[in-house]
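Below, each chain spelled out in residue letters.
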Amino acid sequence: MIKTDLMYEGKAKKVWKTDSEDYVIVEYKDDATAFNGLKKGTIQGKGIVNNKVANRLFKYLEENGVATHFVEELSDRETLVKKVEIIPVEVVVRNIAAGGLSKRLGIPEGTKLKSTVLEYCYKNDELGDPMINEYHAFALGICTAKELENIAYEAFKINKLLSDLLADLNIELIDFKLEFGRFHGKIVLADEISPDTCRFWDSKTGEKLDKDRFRRDLGNVKEAYLEIMNRLLGD
Ligand code: UDP
């Protein structure tokens, strides 16, 4: 596959066209943003970590029956993926209260939820990605009921698979965000799963090993990302 024109540049990634209509190349950058772009910075080596971590997790999910956009890692920062039509919904799965949920509902961070929480946000920067429910998704014509049912089912399956894999590495999966797309009419997991999109806490010490270190100026940001990569891929 040959890389051709730049198709899109987002906050953390560039997407390149290829000579095939069905595939694009994702390039992970070191740029970091938080709070809907209000906070900006750079995390040295983040692009490499996120590329490798996402690919490791996507391969594992594929092996366990989850359809993803992953095709092949091309370099430290670049991966060939299926060109999907992104469904503009951020699917958030939560096992432990943190971040937005703790604020909204007044539940202290670190409280184990009595059952897993699934949330949807409408991907729209101008509106600040407002939370929606399934009726909004249908009313806005974002996806069909059948598609959302499929997405919810996959999200719970992914939560179980990732929680189990990470628990063996002494990483607690607090919460995470997924994005799905359509590839030839079929729903596949897209975007990335990385310390940018998940909350990972060390199971023994409770140390935060994710983007909250950047969001909250906790220091050792780069080190936390590397720690996740090393635990998942071996040093
Ligand atoms: N998340 C994300 N992108 C977003 C918003 C949230 O990847 O635009 C992830 C975030 O890293 C966390 C989970 O989704 O793992 C839940 O985030 P929350 O709603 O608590 O938002 P935040 O604390 O970032 O306001």
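Residues numbered from 1 in each chain as written. Predicted model: local features only at pLDDT ≥ 70, side-chain atom pairs only at ≥ 80, totals over all residues. Heavy atoms only, no water.

Student: Outline the packing of helix α1 (residues 46–63) against helix α4 (residues 145–167), supporting the account with residue identities and numerical values.
Tutor: Running from N to C, α1 and α4 point in directions that differ by 120°, and their axes come no closer than 11 Å. With respect to each other, α1 and α4 are oriented oblique. Considering the relative orientation of α1 and α4, their crossing is right-handed. Of the residues in α4, those touching α1 at R56, L57, Y60 and L61 are I158, L161, L162 and L165. The residue inventory of the contact of α1 with α4, partitioned by class, reads seven nonpolar, no polar and one charged. (Axes fitted to C-alpha atoms, helices over the stretch in contact; angles between N-to-C directions. Helix = DSSP H or I, 4+ residues; strand = E, 2+ residues; numbered from the N terminus. Parallel < 35°, antiparallel > 145°, perpendicular 65-115°, else oblique. Left-handed = near helix turned anticlockwise from the far one by under 90°. Contact = heavy atoms within 4.5 Å. Nonpolar A, V, L, I, M, F, W, Y, C, P; charged D, E, K, R; others polar.)

Student: Account for the packing of aromatic side chains, with residues named and values stated.
Tutor: This structure, assessed with the given rule, holds zero aromatic pairs. A cation over an aromatic ring shows up here: K3 above the ring of W16, its NZ or CZ 4.5 Å from the ring centre. The cationic tip of K208 hangs over the ring face of W201; the distance from NZ or CZ to the ring centre is 4.8 Å. (Phe/Tyr/Trp six-rings, centres within 6.5 Å; stacked < 30°, edge-to-face > 60°. Lys NZ or Arg CZ within 6 Å of the ring centre and 35° of its normal.)

Student: Lay out the nonpolar core in plain terms, naming residues and giving numbers.
Tutor: Judged by nonpolar contacts, the single largest core of 53 residues is most densely connected at L61, I158, L162, L178 and I193. Counting residues per element, this core draws most heavily on α4, which supplies nine residues. (Core = buried A, V, L, I, M, F, W, Y, C linked by side-chain atoms within 4.5 Å. Buried < 20%, exposed > 50% of the residue type's maximum accessible area, 1.4 Å probe, protein only.)

Student: I'd love a proper account of the sheet that holds strand β6 (residues 70–73), names of residues and values included.
Tutor: Strand pairing in a sheet is mediated by backbone hydrogen bonds. Such pairs are either parallel or antiparallel. Taken in spatial order, the five strands make up an open sheet running β1-β2-β3-β7-β6, and their pairing is antiparallel. A strand with exactly one partner marks an edge of an open sheet, and here the two such strands are β1 (3–9) and β6. Adjacent strand axes in the sheet meet at a mean angle of 30°, parallel and antiparallel pairs treated alike. With four bridges joining them, β1 and strand β2 (residues 13–18) adopt antiparallel strand pairing. In the strand pairing of β2, K3 is matched with T18. (Pairing = 2+ DSSP bridges.)

Student: Describe the site of the ligand, and please don't skip the residues or the numbers.
Tutor: Around the ligand sit 14 residues in total, of which R94, G100, D175, R199 and R215 are the nearest. Separating an oxygen atom of the ligand from a side-chain N or O atom of R94 is a distance of 2.6 Å. At 2.5 Å, a side-chain N or O of R199 approaches an oxygen atom of the ligand. The protein chains hide 74% of the 510 Å² of surface that the ligand would expose on its own. (Near = heavy atom within 4 Å. Polar contact = N/O pair within 3.5 Å; in protein donor to acceptor, adjacent residues only side chain to side chain. Areas by Shrake-Rupley, 256 points an atom, 1.4 Å probe, with all protein chains shown as cover.)

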